[in-house]
Structure formats: structure tokens, C-alpha cells
Amino acid sequence: MSALLLTVLATSIPLLLAATGELITERSGVLNLGVEGMMLMGAVAALAAVLYTGNPYTGILTGALAGMAAALIFAFFAVTLMTNQVATGLALTIFATGFSGLAGAPLVGKTAASLPPLSIPLLDQIPIIGELFFHQDILFYMAFALIMATSLFLRNSRGGMILRAVGDNHDSAHALGYSVQKVRWMAVAFGGICAGLGGAYIPLVLTPHWSEGMTAGRGWIALALVVFASWIPYRIVIGALIFGGITIMQLAGQARGWAVPSQVLSMLPYLATILALVLMSMRSSSSFITVPACLGKPFHPGN
Amino acid sequence: MIKLSPRTNPSPWLSVLSPVIAIIATLVMGALIFTLLGYNAGESLYQFFISPLSRLDRISDLVVKACPLIIIALGLVFCYRANIWNIGAEGQFILGALAAGAFALQFPDTTSPLLLPMMVLVAMIAGAAWAAIAALCKTLFNANEILVTLMLSYVAALLIDVMVRGPLRDPMAFGFPLTPMYPDAGLITRMPIPGVGYLGQLHYGVLIAFILAPIAWWLMHRTLPGFQVRVIGSAPRAGRFAGFSSVRTTIGVLLFSGAMAGLAGMIEVSANIGQLQPNVSFGYGFTAIIVAFLARLNPLGVIAAGLLIAMAELGGDNAQIALGIPKVVTGLFKGILLFFLLAGATLQHYKIEWASRKARS
Amino acid sequence: MAQKKQPKIPLLEARGITKSFGDFTANDAVNFTLEQGTIHALLGENGAGKSTFVKMLYGVLSPDQGQFIWDGKAASIASPKAARAMGIAMVFQHFSLFPALSVAENIALALDDAPSLKDLSVRIREASERWGLAIDPDRPVGDLSVGEQQRVEILRCLLQDPKLLIMDEPTSVLTPQESERLFDVLRRLAKEGCAVLYISHKLDEIMALTSKATILRGGKNVGDVTPAKSSTRAMAELMVGEKVDWIERQTNGANTKAPVVFSVSQLSRPADTAFATALKSISFDVHEGEILGIAGISGNGQDELTEALTGEWLCPDANQISFQSQPIGRFTPHARRRLAIEMVPEERNGHAAVTDMTLVENTFLTHFERVTEDGFINKMQGHPALCEEITASIIKNHDVRTPHHNPMARQLSGGNLQKFIMGRSLITAPRLMIVAQPTWGVDVGAATMIRRNLLALADQGCGIILISQDLEEIFSLSTRIAVLNAGHLSPPQSAIDLTAEDVGLLMGGARASQTHAPSAFEGEQA
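None of the values given here were measured: they were computed from a predicted structure.

Engineer: Would you mind showing me how to read the overall build of chain B here?
Structural biologist: Of the regular secondary structure elements, chain B holds 13 helices and four strands. Within chain B, buried positions represent 53% of all 361 residues.

Engineer: Explain the domain arrangement of chain C here, please?
Structural biologist: The parts lose accessible area when they come together, and the size of an interface is often stated as this lost area. All names here are of chain C. Domain boundaries assigned for chain C yield domain 1 (12–242) and domain 2 (246–348 + 430–514). The straight-line distance from the C-alpha centre of domain 1 to that of domain 2 is 32 Å. Facing 16 residues of domain 1, the contacting portion of domain 2 comprises 16 residues. Of all the secondary-structure elements, those providing two or more residues to the side of domain 1 that touches domain 2 are α7 (203–209) and α8 (232–240). Its residues assigned to classes, the side of domain 1 that touches domain 2 shows six nonpolar, five polar and five charged.

Engineer: I keep staring at the pairing of strand β4 (residues 65–70) of chain C and nothing clicks. Help me out?
Structural biologist: Regular strands place their side chains on alternate faces of the sheet. Residues and elements named next belong to chain C. Alignment of strand β1 (residues 12–21) against β4, held across five bridges, turns out to be antiparallel. In the strand pairing of β4, T18 is matched with Q65. Here β4 runs beside strand β5 (residues 73–75); their pairing, made up of three bridges, is antiparallel. Across the sheet, residue W70 finds its bridge partner in β5, namely K73. The turn joining β4 and β5, which pair antiparallel and follow one another in sequence, is formed by two residues; a positive phi near 55° is taken by D71.

Engineer: Before we go on, may I ask you to explain the sheet that holds strand β3 (residues 39–43) of chain C in this structure?
Structural biologist: Sheet strands pair via backbone hydrogen bonds, and the direction of the pair is either parallel or antiparallel. All names here are of chain C. Taken in spatial order, the six strands line up as β6-β7-β8-β3-β9-β10 in an open sheet, and their pairing is mixed. Single-partner strands in this sheet number two, and they are β6 (88–91) and β10 (220–225). Sheet twist, expressed as the mean angle between neighbouring strand axes with direction ignored, is 20°. Bridging between β6 and strand β7 (residues 164–168) involves four bridges; their strand directions are parallel. The residue of β7 that forms the bridge with A89 is L165. Helix α6 (residues 176–191) contacts β3, β7 and β8 (195–200) of the sheet and is inclined by roughly 145° relative to β8. Against the sheet, α8 touches β3, β9 (212–217) and β10, its axis set at about 30° to β9.

Engineer: I keep staring at the interface of chain A and chain C and nothing clicks. Help me out?
Structural biologist: At the junction of the two partners, chain A supplies 15 residues and chain C supplies 15 residues. Going through the elements one at a time, α7 (158–168) and α8 (170–175) of chain A are the ones with two or more residues in the side of chain A that touches chain C. Taken together, the residues of the side of chain A that touches chain C break down into six nonpolar, seven polar and two charged.

Engineer: Explain unusual backbone geometry here, please?
Structural biologist: Working note: non-glycine residues mostly have negative phi, and peptide bonds are mostly trans. Residues and elements named next belong to chain C. Positive phi, normally seen in glycine, also occurs at D161, with a value near 50°. Within the secondary structure, D161 is located in the loop between α5 (146–158) and β7. In this structure, S325 takes a positive phi of about 70° despite not being glycine. Tracing the sequence through the fold places S325 in the loop between β14 (321–323) and β15 (326–327).

Engineer: Sorry if this is basic, but what is going on with the sheet that holds strand β2 (residues 24–34) of chain C here?
Structural biologist: Residue and element names in this part refer to chain C. Across the sheet, which stays open at both edges, the four strands sit in the order β2-β1-β4-β5 with antiparallel pairing between neighbours. In this open sheet, the two edge strands, each paired with only one partner strand, are β2 and β5. Taken over all neighbouring pairs, the strand axes of this sheet differ in orientation by 30° on average, direction set aside.

Engineer: Sorry if this is basic, but what is going on with the domain arrangement of chain B here?
Structural biologist: Residue and element names in this part refer to chain B. Taken domain by domain, chain B comprises domain 1 (1–39 + 329–361) and domain 2 (63–324). Once you take the C-alpha centre of each, domain 1 and domain 2 turn out to be 30 Å apart. At the interface, 10 residues of domain 1 touch 11 residues of domain 2. Per-element tally for the side of domain 1 that touches domain 2: the top contributor is helix α13 (residues 330–349), with seven residues. Among the residues making up the side of domain 1 that touches domain 2, the classes are represented as eight nonpolar, one polar and one charged.

Engineer: How should I be thinking about the packing of helix α2 (residues 35–53) of chain A against helix α10 (residues 218–228) of chain A in this particular structure?
Structural biologist: Each pair of packed helices can be described by the angle between their axes along with the distance between the axes. All names here are of chain A. Running from N to C, α2 and α10 cross one another at 130°; their axes reach a closest spacing of 7 Å. Compared by their axis directions, α2 and α10 come out oblique. In this structure, the crossing between α2 and α10 has a hand that is right-handed. Across the interface between the two elements, V35, E36 and M39 of α2 pack against R218, G219, W220, A222 and L223 of α10.

Engineer: Please explain the nonpolar core as it appears in this structure.
Structural biologist: One finds L225 of chain A together with I72, A73 and A292 of chain B to be the most contacted residues of the largest nonpolar core, which totals 384 residues. Sorting elements by how many residues they give to this core places helix α3 (residues 56–81) of chain B first, with 16 residues. Here A73 of chain B is in contact with A288, V291, A292, A295, V302, A305 and G306 of chain B, once residues within four sequence places are set aside.

Engineer: Hey, could you run me through helix α6 (residues 138–156) of chain A in this one?
Structural biologist: Because each turn of an α-helix spans 3.6 residues, side chains separated by three or four positions end up pointing in the same direction. All names here are of chain A. Taking 1.5 Å per residue, 19 residues should reach 27 Å; α6 reaches 26 Å between its end C-alpha atoms and fits that length. Residues of α6 that are buried include every one of L139, F140, A143, L146, I147 and T150, and no others. The arc that holds the buried residues of α6, viewed along the axis, is 115°, so those residues lie on one side. Along α6, the residues that are exposed and aim more than 90 degrees away from the buried face are A145, M148, L152 and N156.

Engineer: What am I meant to see in the interface of chain A and chain B here?
Structural biologist: Each side of the interface is counted separately: chain A has 40 residues, and chain B has 39 residues. Looking at the side of chain A that touches chain B, the elements that each hand over two or more residues are α3 (56–80), α4 (85–104), α10 and α12 (262–282) of chain A. Residue contributions to the side of chain A that touches chain B peak at 14 residues, all from α4 of chain A. Looking at the side of chain A that touches chain B, its residues break down into 27 nonpolar, 12 polar and one charged.

Conventions used here
- Residues numbered from 1 in each chain as written.
- Chains lettered and ligands numbered in written order.
- Predicted model: local features only at pLDDT ≥ 70, side-chain atom pairs only at ≥ 80, totals over all residues.
- Helix = DSSP H or I, 4+ residues; strand = E, 2+ residues; numbered from the N terminus.
- Buried ≥ 20, exposed ≤ 12 C-beta atoms within 10 Å, placed from the backbone.
- Domains from an automatic or database assignment.
- Contact = placed C-beta atoms within 7 Å.
- Nonpolar A, V, L, I, M, F, W, Y, C, P; charged D, E, K, R; others polar.
- Pairing = 2+ DSSP bridges.
- Axes fitted to C-alpha atoms, helices over the stretch in contact; angles between N-to-C directions.
- Parallel < 35°, antiparallel > 145°, perpendicular 65-115°, else oblique.
- Left-handed = near helix turned anticlockwise from the far one by under 90°.
- Core = buried A, V, L, I, M, F, W, Y, C linked by C-beta atoms within 7 Å.
- Expected span 1.5 Å × (residues − 1).
- Arc of directions from axis to C-beta.

Here is the structure:
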């Protein structure tokens, strides 16, 4: 049982990381559909670094930087040049998928060192939970730390408030003297760092070699996850566990011969997301967290 | 800091030139990246762009590959012109294929010539219905169509998976997740070229793509509904002034693009596979989005755009065989091209200024 | 013990402030004095220069000539931040708020160095109690009414301890009760030493609230008035000016014997956004051959009325609008065009015409039913090219100067595009024409031609509804005049019987009974 839970947790980490980053990006009003591509960039960069240096920790840095670089390309087009965000995000995914494929080709067949688990003394002695949560690698801890930090940032800091303001009404933010472009560049860059880290997790911890498309659509799931979590960080944890857990449930269910086809189970999170979207868009009250009002709209100063 | 300021008189030449400039810039950039990563730029470019045109049967494969892209993109052009961002063409494609296949498999022994037209109808209805979900969510609840159509794509992929492995499965397929083959009447056969014979995989379905493009242009520029789409997308208030209903247009373009994607799905399966499998689309729905933009959202441009993208796809296959470059690298060119196209669209209406301090009037 | 009497220096002096945009002089050598602790009105029609002046005060624009003297010292106001540092705060007509964020967060974002949210909430509650601006700092701004949202904007300013608070048309979004509450706050502010610059065109408010009023007209300061010693009449006259006396007035009397071609009855429309104006029981008739001028400062319901008349907004009761005795309140725009009703809305770009389409396509925009044959299939096949002849005809007959025979709408100058749009409607020989701001932003030659066309159209028996901010235009064209103010329409009166002053009074919010002229019927209830 605990082996099952461990697998669920491990599979969720890339989702957690990527979704947290995309959440910040979207709260600033930018829709970046390039998450899958940024994750792949992170994955290939991390793997290359580890193979080159032999030290898995270098993979973390390179993964983050690669994700960020991809995100900055997106920011240049979508934020500065005000291009259509949907098309630009897709372009990024397609480009980054191709680029990482090209960069990854020479790495095929090689196995890299993995990130070692780091036990947190004392806490790892707690039965069950100790093994699950406190005997993990550093990226695992970083993921949860990141979520907590993001939550605190959004709710309690001035920077977070400005970010939310820009995503809510970029014209008002501009009128008050805030640089919408700067805020969005930073939000997009952060999204890239997180996606890069999420991608890096896969070769560094899960499967220590390169295969094309090793993110297996996790970037797309992360996008759904942000909506499912209605743009609130702690809900991403719940959502990631559900999405991740369902994959595992499929296998478990098959082994036990459940009547419900596993694909139907897999559909549920997406259908739930659509339902959540509809409910959120219907509600007139703003006290319930709604879609960031400027999501997907390019900012044209002087309009 | 780069600042953009609106152009007072956008030049019409830019509109024509920018795709050309984008293509050239893409080639240059692509060559650069290849060289940086240690590949021979010249040979790679040859494999990607020249080799698909080097043999007649390769050209026919080009056309075959472009066929679904063109059909889907034609539908997307209508959506995007109306500012409705349908990115779920992938799911609508799958639904079309699924519905047509399920229909055909109900009549395993038929030889009726009506089967194919009926399959076309069923596919278009299914694709349209899938898009209609997003249309309802948008018009009734104001839910963002980007997110809804995207979610529905995931659901569609899972749906075909469960159907193919379940109710539609072929009991004699040795455990492989496949449906039985369609009856012959449900297949789209290869199309011979007079004087040359059969060329590669060239099939009759390709004709549909080439006929639909001018029809789509006609719809867009020579009918009232097409005019409504263009007005509402460009100036919604003028649309209301004219008396056009934006709700009806929203529903209309979503249904239309869903139907087109569904049609493409049905053609792909009937022409190239002949049975249903869990994976019938290879990202066509998403690639078609690039085709639509490359065509500057113009129905006639979609043919050229579709062929160009298909060429990159086939070129990728060749590059893989000849130089060991992974297939997925075509994405590199497609992505860069789309970036440059989008930038070109902005630069048509804005010019770049280098602002140091905020200048005040 | 006798207090030494200190001469109070004015808080703000403007000397010779001039600002031009190209050829257009928005402010022409404006002199202005604002005393400390007073509520001072800035009065004028649209285009008089009020907002330009105030933008310079707030550092958004800078003057070409002249200077500001603040607290006795010359001051150059370089940016809104600098203005705030000096103690100048402004509440704009269109708020800069964030609906998803709380009141406290909205205020924090506007402060240049904000305390923690917890401390700020405390200060907000204190200020809200002190000034009588009840507000809960934790509520999301999107849940507040417009009046409450305005309080947030005001608190944003008050928490900066300003010496001058500028308010731009604040009561246009408030109910009468909310306006009263606002006045209490402003009076308290003035008593505590903060001056208020109150921009408005509402004469009775200015009478009730302010101790001094400066009237701008055509970019010049035409009078500094003490409302208590003056009258709404005098202020109205200054506001609209004696200029009206020398324009060509419509000399035909209203022919009320002609049959009524169009009738609006008890038309009410709730405001559909916070910044819209509700229409209140509007009623009027239009006779064949007459031009009914609807005057008024923009923002008093003109857009909403135009939309109701064109059919872009449908009346809940079909009988509220009737054409030749047929109820058309629920007819769509193209259904109304079928009845020979034509319309030209105020905004050329993106409303009356599509800028990125050709003239032929723009003709098709309103002629699509005329050039197609009957039948569903035939109608669906209608396309712009069918309108080529019509377009050529319009261009020829209305002197539309074009670079070639079918340019994009955006390639035409404002005047030429307006001539085209007018021509597009005139060519159908309408029985009723609705035009809003027909010569706004149009060169003199084109404007003259457009007005001549309207007069000729009326001569042919067409009824015309002319909605305009331009009094000169109203008086030179209209046979009868009504005034739209805060969603109310005054009873139409014969133009000959009205003076400019009367109209100015009505534009400023007076009731018809206060004017000279006899009205068609009395007793418009508020």
C-alpha cells in the first residue's frame, strides 16, 4: 500500500511543480500553453548536465534555467510583441518539443545518476508518513516548499497583490503606474523555472534516461490542473494527487478486475474541470475565486 | 526597452510579404540551431525541404499528409476570424473518426454506395456535437472556450480508447486493441492519376480537401454568414449595429469547425487505416492551428500552408532515415515559423521604438 | 485676544496655462485661482477644456505655456506621482479598481508607500468613520455598488492626506441620496482645510455645493463666479455663450400639424453597467419633415438612447417605440431599416463602419437585405460585391474623397468617412433618420455638407432625430429642441422660442418649468 502511495506521490511531483508555475503565470493574466515544451526542455537539460558532470544536483539548476529560457522566448512574443497567446504557447510547445528531441538524440541509451533521497532526521521516523514524506530527494521538498511559498506570496505579499491586480484588470494597474509588462515577464519566467524543474524531476528521479516525449503529456495535465484548482495553490496539491492517483488507480483497478473502465476514471478530472469552469464563470459574486479576468488578453497600453 | 506604437498607415505589402519573410527567417534560424547542435545544416535542410519533392510518389504522400491538415484548418479559419479560440480540433477529429467508424461497423456486410456518404454525415455531426458542448458552455455560461475545448480533447482521446478496447473491439485481433476492418464500402480507395497510375497513398479523400478550400473561401467572402463572421470578429459593435447576432455566430463557427475536424478524422481513418485504433490522430488538430495561422486565416492560403507544413512533416521522416535526426524535430521548424508569423502579424500594425525614458507629450 | 489676520495665499494659481494638440487649442491662456479650504467648481460643456486642464494639474500632461503656482511657489508637476507628493489627489470618472481584490488591497495598491494590510485596514476603518464613508475593508470591490466603489476611490485619495482633491463628474454614477452623502463628505473635507476642485456641468449641484465656480468655454476661462451671488441662469449663459446669438438659426417654426412619423413612449432602460446611464420614461414624437434636436452633455444617456432607437437594445415592451403607428420596440436594426428608418451612430470607427473593411463591404453592412433577393438561400448568398454600384453612387453624390475606387474605411479622413456613412443612409430615402454627433471630428467643409444634406432630407418629408453636444449645430438645424440630462428628456419645445440660455439651463439639470419658453406639457417628474 505504501509503495502505491509512494508511486502516486512521485508521479505527482512534476505536475505539482509545473502547475504551480503556470498558476502564477495565469494569475498575472497570461495563458502559457507551452508548459509541455518547457518541461521537456528542463528534462533534456537536466539529463545532459548530469551525464556531463556526473552530479545529479547540477541537473536541478540546468533544468530550471532551460525551462526559464523557453519561457522567456514566449514572454518576448506574447507580452512584448502582444501576439496571440494561444498560438504563441502552442508554438512554444511544438518548438521546445522539437528542440529537446534534437538535443536529446545523442543522449539516448545512456543512464544517469539519480538524485539521492535525503532523510530529514527525526521526522523520517514517523510511521508511514515518515517514509512517504521525509525520506525523499531534494526536488520533492522543493516542490512542497514552492507551493507554500507561492501561496504565501500571493496572499500576503505586496508583490503577490500586484500580480493579482495585473491579472484582474491590467488597465487599472497601468493607470496606477505599475508596469504590466514587467510583472508579466517575471510571472512567465517563474512559470518556466517551475516547469523546467518539473521536467527535470523525471530523469533525475523517475526514469534516469532520455526518451522522446518523456513528459507524456504531463504539461497538458498541469494546464488542466491549474483550472481544476481554480487558481489557488494549495488546491493544486489535491488536484495533482487526484490526477496522479487516477493513473495508479487504473492499474490497480485493472489488476483487481473493476467493472468501470479505467479510461472513464481518467476522464473524470477533465470533466470535473469543465464543470468547475462553468460554475466559476456563472457566479456573479467575486468573493469566490474566479478566472483571472485578463487571462489570455494581450495588454495594449493606451487603449 | 522595446515599445510598440501603432502604425498610422499599415502597408498592404507587409500583409503579403510577412509569411515569406517568416519562412526565410525560419530556414535561417533552423540552420543555425542545427549547426549549433552539431548537425550538418545543409544536408538537414535538404532532407527536410527538398527531398519530399524529389520523387513523384513523395509528392503524392505530401498531398495525402496535407489533406487532414487542410480540412481542419479550413474550419479553424472561420473560428479564429470570429475570435473564437477553438483549440480542441484534435478531440473533434477523434469524435468524427469514432462516430463514423462505429457507424460503419454496424453494417459489416454492406456493399451499398450510400455507406461512405452516411459516414461523412455521421462524422460531421459528431465533430460538430463535440464542439457544440464548448459552444453551449460559452454562450450560456460564458466559460472560456480555450479551456473547455482543450479538456474535451483529453476526454475524446480517452473515449476512443475505451470504445476501441471495449464495445468495438475485434475479437479476432489476437488481443490487439483494434476494431474489425471497415467493410470495403466504407473505405476510401486510392486514386489513380490518368496516365501515371497509382501514386503512393494518394486517395480520393484528397479531392475533398482541394474542393473544400475554394468552397470555404466562397462561404467566407461571398455569403452573408461569412460576412457576419468577419464583421463580428473585427468589430463586434458594428456587427450589432448591422443586426448580426454574435451568439449565433459563435455557435455557428464552432459547429462548423467541429464538423470539418470530424470530416477530416473520418477521411483519415477510411483512407489510411481502415479500422479504428486507440490512436487515430497524430496531433493533426494542433498542427492544423499552425496551418491556419500560416495561411493568415485565409481559406485559399490554407492549401499552400497545409502543403508546406506537410512538407516539413515528411521532411522530418526523411531526415530521420537519412541522418538519424529524430522525427520530432520538425516541431522545431513549425514552432519557429509560427513565432515569426505571429510577430509579423503584430509588426504589421505596430512599429518598434526604443524608448529609454517615458516620453511625455 | 485679537488674532493676527494672516492673508491667506491661494492654494493654487494657474497663470496663462496654454495647451495645444496639433492645431487644436484645448486650453488658451487660462488663469485660475483656487483658495485653500474651498469647494471650487470647474464648469463647462464637453470640449471646453476642463479635462485637459485637470490632467495638467495631476501631472498627466504638461502645459505648453504658463505656470502653476502651488502654495505661493512656482511648481512644475511632472507626473501623477509628483502631484501626489505635492498633495494633489484625483478621483477620475472611470475608476481604476480591481474587482477581485478587497477594498484594503485596492487602496494599498494606490498608495506610494503602503503600510501592512492589517494596519491599513485599521486606518481605513478610521478614515471611513471620520469622513462618513461607510466601507468594509475586507469586501471584494467587485461586490460593491458603484457608489461604494467611488468611496474606495475617495478613500484612496484621503489616506494620502491631500491638500487638494479633484473630483471629475462624481455624481454621474450616483443616486440622489448618494450624491447628498458625497456632498457632506466634501463639505467636511473643505472645513478641515482640504480644497476640492469639483468638475461638473450640473448647475444645481454647483449652486448647492460650491463657493466659487470657474467657467471654461472653448479653452478659455470666461468667468469666475460666486454661485451664491449669481444664478444658474447666469452660469448657463456663460457656459454656452453668446456665440449662439450669431449662428444661423433654423427659422422655420415647428410644424406640429404634420403627421407624426415616429413616437417614443415611456421608454425606460436600466443601466446595464456601473457606468451606464439609466433612461427614465423618455417620451417624444417626431413629425414628418421636422428635425428634433436632442441636446445634452455627453454621458447623460445619449449612447443608451441611440442604442434603443437603432435596435441594438430591444425595448421590453414593443409599444415603447412606434413608427407610423406600428410598434417596433422589439425590432432589430435591420428590421427597422426595412421600414425605411436609417441610423448613423456617434462612433465612426468600429460601430458605424468597420475600419478594416472596404467601402463596398461597409455599404453591404447596412444594405445586405436590400441587395439580396428574397428567400433564405438567396439571402445567404448576399455578398459585398453586390454593393459596388451603390458605393460608387454614394462616393459620387456625397463628395467622398478616396485614394481609389474602393479603399479601406481607415484610409479615409474623418470627414470623408462621415460623408460616406451619411450618404450610405441617405441613398435609401429614409422616412426617419437618427443621427448622433454627425459632425464630431469632421472638417468644416464636410460638416457643412452634412448639415445641408440633413436640412434637404427634412424638406423632403423625412423626420430626423439629431442627437448632438454641439449647440451651434442643434440651433442651426432643429425645428424643435429637447434636452437629455441624467437620462431624462425635457419636453420638446419649438426652437424659435428657446434661448441658448434656456438650453444651457436644461443641460445643467434644470427642469423645463424654470425656462422662459412655454412647454408642450408640464410636469416631468424626477
